[in-house]
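# Structural overview for review
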Amino acid sequence: MRTRDNRWLALAVVCLGQLMMILDATIVAVALPAIKTDLHFSASSLTWVPNAYLIAFGSFLLLGGRLADLVGRTRMFLTGIAIFTAASLLCGFAGSEAALIAARFVQGVGAAVCASAVLALIVVEFPSPAERIRAMSAYTFVSVAGASIGLITGGLLTQALDWHWIFFINLPIGIATFALGYVALARDRGLGVGRDLDLLGSALITVAAMVAIYAIVGAEEHGVRWALRLGAVAVALLAAFVAVERQATSPILPLNVMRLRSLMVSSSVRALMVCGMWASFFVGALYLQRVLGMGPIAAGAAFLPQTLTVAVLSLGPTARLTARFGERRTLITGLTVLVAGLTLFALALQPGASYFPGPALAFTLIGVGAGLSFMTLMTLALADVPAADAGIASGVINVSTQISAAVGLAVLGTIAASRTNALGAGGESATEALSGGYQLAFIMAAGCVVAALVAAVVWLRAPAAVEAEAEADVEQLELAA
């Protein structure tokens, strides 16, 4: 039996690994103009710097999750950290488009291997609902606030040094995480690879995810017909995967996991929310620099209201609100506030607008909505998951996040570019055209979160056992705070 202190040390280690991966997903946003100039990227090929990472991350998560259950979660976590850190070094030394994109893809593989074990480790280490809520608060803070911190860090490093250092910074963090993880994390044996590892199913779902994401992120460059044809291939591969899973003795995605209503509905709501939320990072960073004329450091610092709000909520208030009012009510409130924040940002997107009060208040509301929503969704998703399937459930949750992030980035980016081109062709100035494109993207982002809110209201129900235990733990949480 592991002691309380050991378990919280293990949580700190896995959150450090999660922070490194989340930072890397957004740290490139404010550095993209510098990377474009230095490595001579075209406007269309530049999107592959973030998308290569997202494609690999989203494609290998389910395989990584199942391997975590079979060979051991600690082993997979450490392996992922090692791959990610080595790939970061390659990114930092990249001297061409192809080299950077390839290294970013390998980074995504390492992130998938690592992330597939992170949530599983939390589920196993914190079986008590009250303690799991507190552990998820820390995880949520790292996941949501880390994305904003990535923007700030990217701006500081790009402007003070150069863009290469946004990748080199991962080296000391990765080495420290690996060393601490090797010492602090328990050595779980896993179920054993000898239990008929589903190689065919693993290959089919990985390739299907990769083809589907590639179709989405490549639609702007290659056209809608090309994307539809590739999408049809992905659907065929997915159908073959389902057929294989029905016959497999040890499927990579067990049918009993797919029948967990709370997991599947929560993951769907999370996907819609992230699809819209991602706009606040990438589209928002572009607006701040290209329309308001901010430098990289100022653009990164502009996200501080969002980061600080998430930090405050994740360090206690959300857990207490969830315990008192329940996950479902807290989530619905959070999604409503998030819609308000994205809508306000869309209305504030005007040429010559100032940062205060519009964007500043919008970022604060977005932080409140994210701080209330992400942790409650995580708690709901994992509430009914057996410990033996924690790895694959972690993969399902992360897949919903990464694929929807890629979809949101590709679709909203395409919408913004098309609207900008149309306004430019109609005689609008470059600044007005850019502002109009970003405004439409944020309106669509708010629409995605509205869809998530509707889905939560109609289909999401908190497991009765979780709600009962959470209510019983209200006093304990308040005393602990």
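Predicted model, so just to flag it, every value in this text is computed and none were measured.

Quick look at the overall build of the protein chain now. Looking only at helices and strands, the protein chain has 23 helices and zero strands in total. For the protein chain, buried positions account for 57% of its 481 residues. The long-range fraction of contacts in the protein chain, counting pairs at least 24 apart against all pairs at least 6 apart in sequence, stands at 85%. Surface exposure of the protein chain reaches about 18,200 Å², of which carbon and sulfur atoms provide 68%.

Here the focus is the packing of aromatic side chains. A full pass over the atoms with the stated rule returns 10 aromatic pairs. A ring pair is formed by Y53 and F84, whose centres lie 6.4 Å apart and whose planes are at 75 degrees; its orientation type is edge-to-face. With Y53 in helix α3 (residues 48-71) and F84 in helix α4 (residues 73-93), this residue pair connects regions lying 31 residues apart in the sequence. F84 shares its class with Y53; the two are buried. An aromatic cluster of at least three residues, connected via ring pairs, comprises Y287, F303, F345, F363 and F442.

The subject of this paragraph is unusual backbone geometry. Cis geometry is adopted by the peptide bond preceding P357, which originates at F356 and carries an omega value of 0 degrees. Mapped onto the secondary structure, P357 falls in the loop between α18 (327-348) and α19 (358-382).

Let us look at a nonpolar patch on the surface. A surface patch of nonpolar side chains, about 430 Å² in accessible area, is lined by V450, V454, V457, V458 and W459. Structurally, the position occupied by V457 is in helix α21 (residues 430-459).

Now for the confidence of the model for the protein chain. With 89% of its residues at a pLDDT of at least 70, the protein chain reaches an overall mean of 80. Predicted confidence in the protein chain is weakest over helix α23 (residues 474-480), with a mean pLDDT of 48, and strongest over α18, with 92.

A separate point is the packing of helix α13 (residues 261-277) against α21. Two elements in contact, α13 and α21, have axes separated by 6 Å at closest approach and are oriented at 160 degrees. One finds that α13 runs roughly antiparallel with respect to α21. Taken as a pair, α13 and α21 cross one another with a handedness that is left-handed. From α13, R261, V265, V269, L272, M273, C275 and G276 reach across to α21, where they touch A445, C448, V449, A451, A452, A455, A456 and W459.

Time to look at the packing of α13 against α19. Viewed as axis vectors pointing N to C, α13 and α19 meet at an angle of 155 degrees, and their least axial separation amounts to 9 Å. When the interaxial angle is binned, α13 and α19 end up roughly antiparallel. For α13 against α19, the interelement crossing comes out left-handed. Residues S262, L263, S266, V269, R270, M273, V274 and M277 of α13 form the contact with α19, whose participating residues are I366, A370, S373, F374, L377, M378, L380 and A381. Considered class by class, the residues forming the contact of α13 with α19 number 12 nonpolar, three polar and one charged.

Moving on, we get to the side chain of S266. Within the secondary structure, S266 sits in helix α13. A polar contact of 2.7 Å, which involves the side chain of S266, links it to the backbone oxygen of S262.

Let's shift gears to the nonpolar core. Buried together is how nonpolar side chains tend to be arranged in soluble globular proteins. Counting 117 residues, the largest nonpolar core has F77, I122, L263 and L382 as its most contacted members. Excluding anything up to four places from it in sequence, I122 contacts L11, V14, A135, M136 and Y139. Among the nonpolar cores identified, the runner-up in size contains 17 residues, and A94, A103, W163 and I166 belong to it.

Mapping E245 onto the fold places it in helix α11 (residues 224-247). What makes E245 buried here is its relative accessible area of 4%. Beyond its immediate stretch of four places on either side in the chain, E245 contacts D198, G201, P251, I252 and L253.

Its 25 residues place the ends of α19 37 Å apart at the C-alpha level, agreeing with the 36 Å of an ideal helix rising 1.5 Å per residue. Most of α19 is tucked away, with 21 of its 25 residues classed as buried.

Counting across every chain of the model gives zero disulfides. Distance from the sulfur of C448, which forms no disulfide, to the nearest cysteine sulfur (C275) is 4.0 Å.

This next bit is on the environment of S88. Tracing the sequence through the fold places S88 in helix α4. You can call S88 buried: its relative accessible area is 0%. Along the chain, S88 and H164 lie 76 residues apart, while their C-alpha atoms are 9.7 Å from each other. Sequence-distant contacts of S88, that is, excluding residues within four places in its chain, are made with Q107, F167 and N170.

Moving on: the environment of S418. With respect to the helices, strands and loops of the structure, S418 is situated in helix α20 (residues 390-425). With a relative accessible area of 43%, S418 lands in the partly exposed category. Taking the C-alpha atoms as reference, S418 lies 7.3 Å from G437; in sequence the two are 19 residues apart.

What counts and how
Residues numbered from 1 in each chain as written. Predicted model: local features only at pLDDT ≥ 70, side-chain atom pairs only at ≥ 80, totals over all residues. Heavy atoms only, no water. Helix = DSSP H or I, 4+ residues; strand = E, 2+ residues; numbered from the N terminus. Buried < 20%, exposed > 50% of the residue type's maximum accessible area, 1.4 Å probe, protein only. Contact = heavy atoms within 4.5 Å. Areas by Shrake-Rupley, 256 points an atom, 1.4 Å probe, with all protein chains shown as cover. Phe/Tyr/Trp six-rings, centres within 6.5 Å; stacked < 30°, edge-to-face > 60°. Patch = residues over 30% accessible without salt bridge, like charges linked within 9 Å, V, L, I, M, F, W, Y side chains within 5 Å. Salt bridge = Lys/Arg side-chain N within 4 Å of Asp/Glu carboxyl O. pLDDT = per-residue confidence, 0-100. Axes fitted to C-alpha atoms, helices over the stretch in contact; angles between N-to-C directions. Parallel < 35°, antiparallel > 145°, perpendicular 65-115°, else oblique. Left-handed = near helix turned anticlockwise from the far one by under 90°. Nonpolar A, V, L, I, M, F, W, Y, C, P; charged D, E, K, R; others polar. Polar contact = N/O pair within 3.5 Å; in protein donor to acceptor, adjacent residues only side chain to side chain. Core = buried A, V, L, I, M, F, W, Y, C linked by side-chain atoms within 4.5 Å. Expected span 1.5 Å × (residues − 1). Disulfide = S-S within 2.5 Å.

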